[in-house]
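Survey of secondary and tertiary structure
Each chain, letter by letter, is given below.
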Amino acid sequence: MEPHSSVRLDIGLDRVESGHVHHEHVEPIPWKTGRVGAVDAIDRDTSWVAPVTASAIAPSVTSPSPIGKLTKPKKQDPTRPGSGIPARFRIRTLVWVRRFSQVFFFGLFCYFVFQTGFRGSFAASSDTPVRLPYPVEAYLLSDPFVGAMTLLSTHTVYRGLLWSVGMLALTMVFGRVFCGWICPFGTLHHFFAWIWPSRVGRGGSRVEANKTHTYQRVKYYLMYGFLLSAVFGSAIGGMFDPICIAVRSIGLGVVPAAQYLTNRSVAEIDSHVSSRGVQSVADHSQDFLSSTIWQSHQFYFHQTWLILFLLVAVLFANRFIPRFWCRVLCPLGAFLGVFARFALFGMEKDHAKCTDCNLCLVNCQGADSPQGGVKWRQDECHMCLNCETACPEDVIKFRFLPNRKSAISKPDLQRRTALASAAAGALFIPVARVADSLDVNYHSKVIRPPGAVEERAFLERCIRCAECMKVCPNNALHPAFFEAGVEGMWTPILIARIGYCEHSCVLCGQVCPTGAIQKISEKEKLGIGQPPIKIGTAFYDHGRCLPWSMGTPCIVCEEFCPTSPKAIWVEEVDAPVRDKVPGPNGEPPAMKIVHLQRPHVDPSLCIGCGACEKVCPVQDQPAVYITSVGETRSKTNVILLENTSYNQKT
Amino acid sequence: MLAGAALVARSAWDKGGLGVATGQGARQVRDYRLADSTKDLANAELAIARGVRDGDGKAPSAEELVTRALAAMGTMSAFVSQGDVVVVKPNIGWDRMPIHAANTNPDVVGAVVKLALAAGAKKVVVADGSCNDPNRCFQRSGIWKSAYDNGAEVVLPAEHHYRTMRLQGDVLDEWPVFTTLVNADKVINVPVAKHHNLAKFTAAMKNWYGVLGGRRNRLHQNIDTSIADLATFMRPTLTIIDATRVLMRNGPQGGNIDDTRELLTVVASVDQVAADAYACTLIGQHRDNLPYLKTAHDRGIGTMYWENLRTKEV
């Protein structure tokens with residue numbers, strides 16, 4: 001082992017003797033003198049007390065003095081390598097507290113995802129407003145990366161996002177404890193990084209994988225890119241925010257897929273086993289699951305395969321690089337890493353004591369160089385405390401106000417690459433927008449949820465967290481694929497063929513953490529004493545409509561139209577219809593007159609909820625459909641003259 | 001061994017072709033009527049309970065109206081026996097509040113639940129297959145709370161509660177059926193009387209739309225025959241039509257209080273066709289304008305000439 005420079009400085013007179021002790025009398029080694037926890041860090045300026053240590057050793061070698069008894073090497077734990085001195089009790093306890101915290105916050109997160117949906121209550125009276133009982137978007141509100149993005153794009157901090165400042169404050173005291181103790185996505189990766197590589201990634205390969213690598217810079221470049229995108233008007237970084245990914249992939253992928261699998265399996269059992277007992281058990285378990293984890297009907301999400309595929313891919317990456325997501329890609333981790341430099345709590349190392357056993361590296365989560373001989377990377381550390389627990393030689397100490405000599409606090413970045421990635425983030429927005437999906441050729445099927453702000457402001461705020469899609473009771477909101485352009489990927493759009501916007505429902509605005517969908521009241525949405533909120537307008541395709549072109553009564557659309565008076569009105573007509581069978585002697589079929597009600601839309605009353613499109617019996621391509629035109633939030637995407645106002649900001 | 005292999009091969013062999021056997025097996029009918037409902041001639045077969053607001057503007061309670069109507073028919077214990085599992089099927093179709101009269105009045109449902117339990121029912125189940133989001137319909141209609149408070153078990157529609165049944169009607173062949181509504185000893189239909197833009201007036205018979213799953217929107221192409229087919233499939237023990245507040249126009253969903261009118265009436269009958277034929281007069285309709293009544297009458301499900309029944313107005 002390379003003796004530390006500060007040791008060499010102080011030896012002076014005893015230089016030869018100390019070298020002698022070091023070589024011939026291997027034990028007792030100074031850090032095994034029983035003064036566990038009180039050993040000064042060797043790279044501390046106060047380490048000139050080394051001669052004292054040397055004199056303390058001397059009697060122990062020469063005579064069995066009381067001090068010698070005290071310092072007699074004692075292997076405390078035979079199962080531990082090295083000296084066997086266990087880590088401080090405090091730290092061992094804290095590691096268990098951390099594990100508990102991870103399980104708790106992951107469980108709470110899942111609970112919130114499962115509760116993101118209205119289930120009703122027998123206790124509520126009919127005039128109780130329909131709201132969720134829990135703040136299910138709490139994790140997103142305390143996400144500083146989301147807070148920073150929306151601050152840069154809108155120059156405001158939206159309502160509950162103020163909580164994210166608290167998370168930042170926590171980081172500035174304890175470092176990236178969010179990553180190691182709280183983040184549900186991080187916990188998921190912690191778990192998979194533990195079980196995936198258990199066979200292949202052991203020993204030396206694990207140690208190599210857990211050393212700090214330059215690829216860990218990627219997350220900083222991504223973060224700067226996304227923050228510059230936000231400055232240029234798009235919160236596109238939400239695609240990479242871990243909390244957003246967790247809600248999106250669990251809420252839109254894992255839960256519906258689990259429900260599908262369960263329902264199919266139970267239906268398969270039901271169809272083969274005609275036992276009343278089996279069916280009763282199946283019914284009860286499905287009742288339980290649909291009232292706790294999922295909903296009473298199957299939810300489907302537009303192109304959600306990609307969301308699930310990316311989740312599986314990033315989880316599987318743990319097999320090759322443990323916590324690949326957290327170390328390499330996570331922009332939230334990078335953002336917290338920037339602020340971790342101010343942390344009051346941190347690591348101190350006593351390099352001289354390190355025996356290069358690498359046990360700290362085996363257990364390291366952040367790949368933050370906990371081992372001796374190199375500097376600790378504070379910005380990469382998840383504060384999991386595994387290294388100190390693993391260290392058999394008392395090298396690693398976590399404490400308040402540690403000396404910073406053996407730590408690097410700032411992210412290790414290449415300035416040019418950082419600038420280039422920031423520039424790329426900034427440039428991405430104009431490039432995405434000249435690709436004709438926003439200012440011109442706006443897609444008619446990009447129908448935003450009720451209460452959504454104008455499209456440009458919407459893109460400044462929407463972080464694609466999928467809370468609105470998960471909460472929608474009718475499965476109406478879906479992650480866009482490329483309908484809203486590359487910039488609008490996974491932003492919410494309403495697909496009325498799958499579900500319509502429930503007339504009196506305002507839950508999507510309630511869960512939106514950034515105000516992309518405002519928290520509107522029922523009164524505002526229904527238009528009581530004010531114009532209602534429109535999200536689009538319905539149109540008829542007469543060629544496919546039963547009363548219009550097939551002489552068949554229908555008007556389910558009119559029945560479901562929720563406005564009062566109804567936006568769909570019917571025209572009573574007597575229309576000729578050809579008989580089904582040919583007349584006698586090969587004559588053409590006779591004509592008859594049927595009474596029909598032919599539906600029309602009043603665009604000034606239509607709110608674009610899509611109930612008509614949802615219930616239209618023309619199965620594949622409905623005879624009535626909604627498009628985004630006429631939406632309240634836009635002053636340009638309009639039909640009627642009365643709604644056009646160029647004086648207002650677009 | 002060879003024989004066994006041949007047997008396995010035979011049973012797993014797919015000979016191809018498009019012929020899919022459908023609609024095989026006997027027609028399934030759910031008949032919960034009492035065999036001897038007409039035995040006691042003192043009891044009415046159609047009872048109409050009307051209330052008026054008194055001098056202070058106080059209206060009679062829904063429970064009072066239901067109790068009065070049933071008293072004329074020999075009280076609830078004439079229909080519900082000790083230990084019965086009773087299904088109460090209100091109309092919980094829409095996300096509307098009681099004041100909009102698009103769903104059955106929650107107090108009427110609560111009263112029926114209470115009376116059925118008092119008559120000795122082991123369990124009372126309240127369920128319906130809603131049109132709008134069921135959680136919202138059940139809560140905002142007030143029926144969830146009212147039924148629960150009166151001791152009923154409330155079941156919301158969920159996919160796993162549906163099984164395909166053979167209705168074998170003229171237009172309805174095989175459809176998924178909400179099994180909660182048919183697994184019962186007694187079924188009490190508690191619809192609300194209201195205007196319907198396509199069928200003109202709906203109450204008891206149309207209420208059976210709620211037992212169907214699948215895409216019900218196709219039924220409207222032949223709504224009258226569909227209603228008759230459903231009434232052929234479901235024969236309730238008792239029908240109690242809620243007309244305490246009635247949607248006069250813009251049915252079936254309404255949404256405007258101005259479209260409703262307070263009638264403070266409850267119509268009870270053992271004959272669902274007669275109940276509808278009488279109740280339609282409350283919104284100024286006539287049985288001759290409602291083809292589904294004629295179809296049901298011709299099929300012998302009941303009589304559209306309600307005057308021919310023992311009728312009591314109380």
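Since this is a predicted model, take the numbers as computed values, not measurements.

Thresholds applied
- Residues numbered from 1 in each chain as written.
- Chains lettered and ligands numbered in written order.
- Predicted model: local features only at pLDDT ≥ 70, side-chain atom pairs only at ≥ 80, totals over all residues.
- Heavy atoms only, no water.
- Helix = DSSP H or I, 4+ residues; strand = E, 2+ residues; numbered from the N terminus.
- Rg over C-alpha atoms; globule rule 2.2 N^0.38 Å.
- Buried < 20%, exposed > 50% of the residue type's maximum accessible area, 1.4 Å probe, protein only.
- Contact = heavy atoms within 4.5 Å.
- Areas by Shrake-Rupley, 256 points an atom, 1.4 Å probe, with all protein chains shown as cover.
- Lys, Arg positive; Asp, Glu negative; His and termini not counted.
- Charge placed at Lys NZ, Arg CZ, Asp CG, Glu CD.
- Phe/Tyr/Trp six-rings, centres within 6.5 Å; stacked < 30°, edge-to-face > 60°.
- Lys NZ or Arg CZ within 6 Å of the ring centre and 35° of its normal.
- Salt bridge = Lys/Arg side-chain N within 4 Å of Asp/Glu carboxyl O.
- Core = buried A, V, L, I, M, F, W, Y, C linked by side-chain atoms within 4.5 Å.
- Pairing = 2+ DSSP bridges.
- Axes fitted to C-alpha atoms, helices over the stretch in contact; angles between N-to-C directions.
- Parallel < 35°, antiparallel > 145°, perpendicular 65-115°, else oblique.
- Left-handed = near helix turned anticlockwise from the far one by under 90°.
- Buried area = accessible area lost by both parts, 1.4 Å probe.
- Polar contact = N/O pair within 3.5 Å; in protein donor to acceptor, adjacent residues only side chain to side chain.
- Expected span 1.5 Å × (residues − 1).
- Nonpolar A, V, L, I, M, F, W, Y, C, P; charged D, E, K, R; others polar.
- pLDDT = per-residue confidence, 0-100.

The subject of this paragraph is the overall build of chain B. Across its full length, chain B carries nine helices and 14 strands. Taken against the 2.2 N^0.38 rule, which gives 20 Å for 314 residues, the C-alpha radius of gyration of chain B at 21 Å falls within 12% of a compact globule. The C-alpha extent of chain B, read off along each of the three principal axes, is 90 × 40 × 40 Å. Taking all 314 residues of chain B together, the buried fraction comes to 59%. Considering only residue pairs separated by 6 or more positions, chain B has 74% of its internal contacts joining residues 24 or more positions apart. Working note: accessible area of chain B is about 12300 Å², and carbon and sulfur atoms make up 50% of it. Once the 36 positive and 33 negative side-chain charges of chain B are each reduced to a mean point, those two points are 3 Å apart.

Quick look at the packing of aromatic side chains now. Scanning the entire structure with this criterion turns up 28 aromatic pairs over all chains. Their ring planes at 80° and their centres at 5.3 Å tell us that Phe-109 of chain A and Tyr-139 of chain A sit as a pair that is edge-to-face. Linking Phe-109 of chain A in helix α5 (residues 89-114) with Tyr-139 of chain A in helix α6 (residues 138-141), this pair joins segments that are 30 residues apart in sequence. By relative accessible area, which is 2% here, Phe-109 of chain A ends up buried. A residue is classified by how much of its surface remains accessible, and Tyr-139 of chain A, at 8% relative accessible area, is buried. In this structure an aromatic cluster arises from ring pairing among Phe-191, Phe-192, Trp-194, Trp-196, Phe-316 and Phe-320 of chain A. When the ring centre of Phe-118 of chain A is taken as reference, the NZ or CZ atom of Arg-136 of chain B above it lies at 5.7 Å. We note Lys-206 of chain B situated over the ring of Tyr-209 of chain B; from NZ or CZ to the ring centre the distance is 4.0 Å.

On to the pattern of salt bridges. The final tally for this structure, using the stated rule, is 36 salt bridges over all chains. Close ionic contact of Lys-219 of chain A with Glu-380 of chain A constitutes a salt bridge, the shortest N to O distance being 2.7 Å. With Lys-219 of chain A in helix α12 (residues 218-231) and Glu-380 of chain A in the loop between β2 (376-377) and α19 (386-390), this residue pair connects regions lying 161 residues apart in the sequence. Of the two residues, Lys-219 of chain A and Glu-380 of chain A, neither departs from the other in class, the shared state being buried. A salt bridge links Asp-95 of chain B to Arg-140 of chain B; the nearest nitrogen and oxygen atoms lie 2.8 Å apart.

In this section: the nonpolar core. Phe-185, Ile-243, Phe-398 and Leu-494 of chain A are the most contacted members of the largest nonpolar core, which totals 137 residues. Judged by nonpolar contacts, the second largest core, of 61 residues, contains Leu-212, Ile-223, Ala-296 and Leu-309 of chain B.

Let us now look at the pairing of strand β2 (residues 46-50) of chain B. Residue and element names in this part refer to chain B. Across the five residues of β2, four count as buried, placing the element largely inside the fold. Sheet topology note: the β2/strand β13 (residues 260-269) ladder contains five bridges and is antiparallel. The partner of Ala-47 across the bridge, within β13, is Ala-268. Note: β2 against strand β14 (residues 311-313), three bridges, orientation parallel. For Leu-46, the partnering residue across the bridge sits in β14 and is Thr-311.

All names here are of chain A. Two elements in contact, helix α8 (residues 163-174) and helix α17 (residues 331-339), have axes separated by 8 Å at closest approach and are oriented at 55°. One finds that α8 runs oblique with respect to α17. You can see that α8 and α17 cross each other, and the crossing is right-handed. Note on element contacts: α17 touches α8 through Phe-335, Leu-336 and Phe-339, opposite Leu-168, Thr-171 and Met-172.

Time to look at unusual backbone geometry. Cis peptide bonds are those with omega within 30 degrees of zero, and the linkage from Ser-564 of chain A to Pro-565 of chain A qualifies with 0°. Of the consecutive residues Gly-251 of chain B and Pro-252 of chain B, the connecting peptide bond is found in the cis state with omega at 5°. Looking at the secondary structure, you find Pro-252 of chain B in the loop between β12 (238-247) and β13. Despite not being glycine, Asn-441 of chain A shows a phi value in the positive range, around 55°. Since its relative accessible area comes to 58%, Asn-441 of chain A is described here as exposed. One non-glycine residue, Asn-585 of chain A, lies in the positive phi region at around 55°. In this fold, Asn-585 of chain A is placed in the loop between β8 (568-578) and β9 (591-601).

Contacts between chain B and chain A engage 38 residues on the former and 51 residues on the latter. Carbon and sulfur atoms supply 45% of the area that chain B and chain A bury against each other, a total of about 3800 Å² over both sides. Area buried by chain B at its contact with chain A is led by Arg-136, Gln-139 and His-160 of chain B, which between them contribute 18% of it. Along the contact surface separating chain B from chain A lie two salt bridges. In this structure, Arg-163 of chain B engages Asp-283 of chain A in a salt bridge whose closest nitrogen and oxygen atoms are separated by 3.9 Å. Scanning the region where chain B abuts chain A turns up 27 residue pairs in polar contact (both at pLDDT 80 or more). Sorting the residues of the side of chain B that touches chain A by element identifies α4 (134-140) and α5 (143-149) of chain B as the ones contributing at least two each. Per-element accounting of the side of chain B that touches chain A gives the leading share, four residues, to α4 of chain B.

This brings us to the side chain of His-302 of chain A. Residue and element names in this part refer to chain A. Following the sequence through the fold, His-302 ends up in the loop between α14 (276-292) and α15 (304-316). Within the local environment of His-302, its side chain forms a polar contact with the side chain of Glu-483, the two groups lying 2.7 Å apart. Every residue in contact with His-302, bar those within four places of it in the chain, is listed here: His-478, Pro-479, Phe-481, Glu-483 and Ile-495.

Next up on the list: the environment of His-351 of chain A. Residues and elements named next belong to chain A. As for its placement among the helices and strands, His-351 is situated in the loop between β1 (345-349) and α18 (359-363). Residues His-351 and Val-374, 23 residues apart in the sequence, show an inter-C-alpha distance of 8.2 Å. Polar side-chain contacts of His-351 include one of 2.7 Å to the backbone nitrogen of Gly-373.

Time to look at the environment of Asp-56 of chain B. You can see Asp-56 of chain B is positioned in the loop between β2 and α2 (62-72). It is 90 Å that separates the C-alpha atoms of Asp-56 of chain B and Met-1 of chain B, two residues lying 55 residues apart in sequence.

This brings us to α12 of chain A. Residues and elements named next belong to chain A. For α12, built from 14 residues, the straight-helix expectation of 20 Å at 1.5 Å per residue is met to within 8% by its first-to-last C-alpha distance of 20 Å. Buried within α12 we find Lys-219, Tyr-220, Tyr-221, Met-223, Gly-225, Phe-226, Leu-227, Ser-229 and Ala-230. Taken together, the buried residues of α12 touch α7 (144-154), α16 (324-329), α17 and α20 (415-434). Phi turns positive, to about 105°, at Gly-233, one or two residues after α12.

All names here are of chain B. Packing of α2 against helix α3 (residues 106-118) brings their axes to within 8 Å, and their N-to-C directions diverge by 50°. Taken as axis vectors, α2 and α3 run oblique relative to one another. By crossing handedness, the relation of α2 to α3 is classed as right-handed. Contacts between α2 and α3 involve Ala-62, Glu-63, Val-66, Thr-67 and Leu-70 from the former and Asp-107, Val-108, Ala-111, Val-112, Lys-114 and Leu-115 from the latter. In terms of residue class, the contact of α2 with α3 is built from seven nonpolar, one polar and three charged.

What follows covers the confidence of the model for chain B. Regions with low pLDDT should not have their predicted coordinates read in detail. Residue and element names in this part refer to chain B. Averaged over every residue, the pLDDT of chain B is 93; residues scoring 70 or more account for 97%. When mean pLDDT is compared element by element in chain B, strand β3 (residues 85-90) scores highest at 98, while strand β6 (residues 162-166) scores lowest at 90. Taken together, the chains of this predicted complex give a pTM of 0.88 and an interface ipTM of 0.91.

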